[in-house]
Amino acid sequence: MPKITIDGKTAEVAKGTTVLEAAQQLGVYVPRYCYHPKLPISGNCRMCLVEVEKSPKLLTACSTEAADGMVVRTDTDKVKTARRDVLEYLLINHPLDCPICDQAGECGLQDYYMEYSRAKSRFPNEDKVRRQKRRALGPHLVLDNERCILCTRCVRFCSEVTKTSELEVMGRGDRSYIDLKEGKALDNGYTLNLADICPVGAWTSRDFRFKQRVWFLKKTPTVCLGCATGCLVEAHHNKNTIYRLSPRPNAETNTWLCDRGRMTYKSVSAGDRLVKGIVKNGLIELEPALREAAARLDEARDAAAVLGSPWLSVEDNSALALLARALKTENYSFDFSAEQGIKDGILINKDPAPNTAGARQVKAAAGGLSFSDFAKRAASGRIKLIVAEARAAAALKDELKAGGAALVVFAVNRGEVPEGAQTTLPYASYFETQGTFVNYQGFSRRTRPSVEPPEGVRPLWAMLTSLASYSGLSLGLNSGDDAIRGIKK
Ligand code: SF4
Ligand code: SF4
Ligand code: FES
């Protein structure tokens, strides 16, 4: 293993490690624009120049392999001058957009200018090369070519990660610009990653543009529930509103996010967000809705049923299992055959439900019927009422028609509610409450609340506890964790 010394610190690094990566391991930061740990090396921006003993010229740390006995300095006058010169070169044609640029506050040019340059521009504003601005490309992005520093991260992302190769560098010298290849459209399903990896404000998200200054945003680590992959994300929010989701890169699951997953936060404040109950298509206050659902449960007590859901957390599924136990019914099951989508080999899983693995754990602990037996009972009329999560209940469409069972469902958005539901009760979304989800790899992940739920709307386990108590039953739950402990008893 080569032994390398950087700024007086020495380490042995694995063969093939670059100087930039070795510096990182030694806690020495080397500025970079074109380098990205998950993209092939390009070595075009020159921001990472370092001095290497016995080398007549400065070398790019991102593309130079660490060699045994190599001595590197990142803090000499020569390196500092090179960084200043690179920044001056990159800023020569850069527009003075910071006051209106979404990247301001998290921009590589701003940060490095303050850290490594602070030089006054020697270039007259009127001589700057003008390029195309505000070009909408694909469903999610806007490209501002004037802000681009031609690091080619976006080009490499499209050729190496999505392998769709939509982008290329056109032109020569200071007339170069990023463009779509002829006949291509930028709709590969992962396009918003370009806004993340672009070190400047050239790619911006149409969804996020001009909504918030980034320094106002608070960040909550949580999980995307758009499919069984369960990517780790950060929800960025301010004043009880979520503005965007960003990836939380991790070795197990994801560096990136898919575009659909990024938009899942929108359900929290969508126009069809449920803040009241629905009884026979009419909106009613929460407590009367809970009483109405409890009355239905009382009427059908001997023929009631509970259906768990792979869209719900382990806690909420455990609370449903406890309701079945309190009802002393064996009519309890799960449907694990959610419509299978496309597994794309990048991130998107063919299972659209985020917690199939966690739901299976609850089923194993709580018992109950197979889904086909449950469905047969529903179709035969032996079941008179089913308590379920809305998307899971949709699997029983035909059986409900045949057997005539009443349906009490829990939903976050009205769009989830299946036809034929008599009573609908809202619950707090997983951006508003904690919940455990087990992804397809078996990793258990916890959502964390980023925003408050609408007034009176509580986590599903708490809504269920109220429903049970209106029906004279006690689930004994003060938290979601109580529910998990409860099914193990
Ligand atoms: S648009 Fe952004 S990511 Fe693409 S080359 Fe320009 S600066 Fe780099
Ligand atoms: S792949 Fe699945 S979990 Fe990951 S961001 Fe997309 S929808 Fe969310
Ligand atoms: S980061 Fe090394 S040349 Fe760009």
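This section reports on the structure supplied with the text. (Residues numbered from 1 in each chain as written. Chains lettered and ligands numbered in written order. Predicted model: local features only at pLDDT ≥ 70, side-chain atom pairs only at ≥ 80, totals over all residues. Heavy atoms only, no water.)

## Some details on the overall build of the protein chain
Assigned secondary structure in the protein chain consists of 14 helices and 22 strands. Based on the C-alpha atoms only, the size of the protein chain along its principal axes is roughly 85 × 50 × 40 Å. When the accessible surface of the protein chain is totalled, it reaches about 22100 Å², and 50% of it is carbon and sulfur. Of note, the protein chain has its 69 positive side-chain charges centred 1 Å away from the centre of its 57 negative side-chain charges. (Helix = DSSP H or I, 4+ residues; strand = E, 2+ residues; numbered from the N terminus. Areas by Shrake-Rupley, 256 points an atom, 1.4 Å probe, with all protein chains shown as cover. Lys, Arg positive; Asp, Glu negative; His and termini not counted. Charge placed at Lys NZ, Arg CZ, Asp CG, Glu CD.)

## As for the site of ligand 2
Ligand 2 sits among Cys224, Gly226, Cys227, Thr229, Gly230, Cys231, Leu257, Cys258, Arg260, Gly261, Leu347 and Ile348. Class assignment for the residues of the shell around ligand 2 results in seven nonpolar, four polar and one charged. (Near = heavy atom within 4 Å. Nonpolar A, V, L, I, M, F, W, Y, C, P; charged D, E, K, R; others polar.)

## Re the sheet that holds strand S1 (residues 3–6)
Where strands meet in a sheet, backbone hydrogen bonds hold them as pairs that are either parallel or antiparallel. A sheet is described by the order of its strands in space; here five strands give the open sequence S2-S1-S5-S3-S4, paired in mixed fashion. Each edge of the sheet is formed by a strand with only one pairing partner; in this case those strands are strand S2 (9–12) and strand S4 (59–60). In the packing of helix H2 (residues 77–92) onto the sheet, contacts are made with strand S3 (49–52) and strand S5 (70–73), and the angle to S3 comes to roughly 160°. (Pairing = 2+ DSSP bridges. Contact = heavy atoms within 4.5 Å. Axes fitted to C-alpha atoms, helices over the stretch in contact; angles between N-to-C directions.)

## Considering the site of ligand 1
Close to ligand 1 lie Cys148, Ile149, Leu150, Cys151, Thr152, Arg153, Cys154, Ile178, Cys198, Val200, Ala202 and Trp203, which account for all nearby residues. Its residues assigned to classes, the shell around ligand 1 comprises 10 nonpolar, one polar and one charged.

## Overview of the nonpolar core
Judged by nonpolar contacts, the single largest core of 50 residues is most densely connected at Leu323, Val387, Phe410, Tyr427, Leu464 and Leu467. Leu87, Leu90, Leu143 and Ala202 belong to the second-largest nonpolar core, a separate cluster that totals 43 residues. (Core = buried A, V, L, I, M, F, W, Y, C linked by side-chain atoms within 4.5 Å. Buried < 20%, exposed > 50% of the residue type's maximum accessible area, 1.4 Å probe, protein only.)

## Topic: the pattern of salt bridges
What the rule picks out here adds up to 25 salt bridges. Aspartate 144 is paired through a salt bridge with lysine 133; the nearest N and O atoms lie 2.9 Å apart. Taken together, the residues span a long stretch of sequence, with aspartate 144 in the loop between strand S7 (141–143) and helix H4 (153–161) and lysine 133 in the loop between helix H3 (108–117) and strand S6 (135–137) at a distance of 11 residues. Overall, the relative accessible area of 22% leaves lysine 133 in the partly exposed class. (Salt bridge = Lys/Arg side-chain N within 4 Å of Asp/Glu carboxyl O.)

## Topic: the pairing of strand S19 (residues 406–411)
Taking burial as the measure, the six residues of S19 include six buried ones, the bulk of the element. The alternating pattern of S19 places Ala406, Val408 and Phe410 on one face and Leu407, Val409 and Ala411 on the opposite face, and all of these are buried. Across five bridges, the pairing between strand S18 (residues 385–389) and S19 is parallel. Directly across from glutamate 389, in S19, lies its bridge partner phenylalanine 410.

## Some details on the sheet that holds S6
Pairing is antiparallel across the open sheet formed by three strands, whose spatial order is S6-S7-S10. Looking at which strands have only one partner, the edges of the open sheet turn out to be S6 and strand S10 (203–205). The sheet shows a mean angle of 35° between the axes of neighbouring strands, taken without regard to direction. Looking at chain direction, S6 and S7 are connected through three bridges and run antiparallel. By the bridge assignment, arginine 135 is partnered in S7 with leucine 143.

## Some words on unusual backbone geometry
A positive phi angle, near 60°, is found at phenylalanine 210, a position not held by glycine. Of note, phenylalanine 210 is situated in the loop between S10 and strand S11 (218–223). For asparagine 281, which is not glycine, the phi torsion reads 70° and is therefore positive. Its location among the elements puts asparagine 281 in the loop between strand S14 (277–279) and strand S15 (282–284).

## Here's the deal with H4
Extensive coverage of H4 is indicated by the burial of seven of its nine residues. Among all positions in H4, only Arg153, Cys154, Val155, Arg156, Phe157, Cys158 and Val161 are buried. Along its buried surface, H4 packs onto strand S8 (167–170), strand S9 (177–180), helix H5 (192–197) and S10. One or two residues past the end of H4 sits lysine 163, with phi positive at roughly 55°.

## Thoughts on the packing of helix H7 (residues 286–299) against helix H13 (residues 460–470)
Two elements in contact, H7 and H13, have axes whose closest approach is 8 Å; the angle formed by their N-to-C orientations is 55°. In terms of orientation, H7 lies oblique with respect to H13. Between H7 and H13 lies a crossing of right-handed hand. Judged by residue contacts, Leu286, Glu287, Leu290, Arg291, Ala293, Ala294, Leu297 and Asp298 of H7 engage Met463, Ser466, Leu467 and Tyr470 from H13. When the residues that make up the contact of H7 with H13 are grouped by side-chain class, the tally is eight nonpolar, one polar and three charged. (Parallel < 35°, antiparallel > 145°, perpendicular 65-115°, else oblique. Left-handed = near helix turned anticlockwise from the far one by under 90°.)

## Remarks on the pairing of S18
Buried residues dominate S18, accounting for five of its five residues. What you see with S18 is no split at all: Leu385, Val387 and Glu389 on one side and Ile386 and Ala388 on the other are buried throughout.

Spatial relationships are all this shows, so hold off on functional conclusions.
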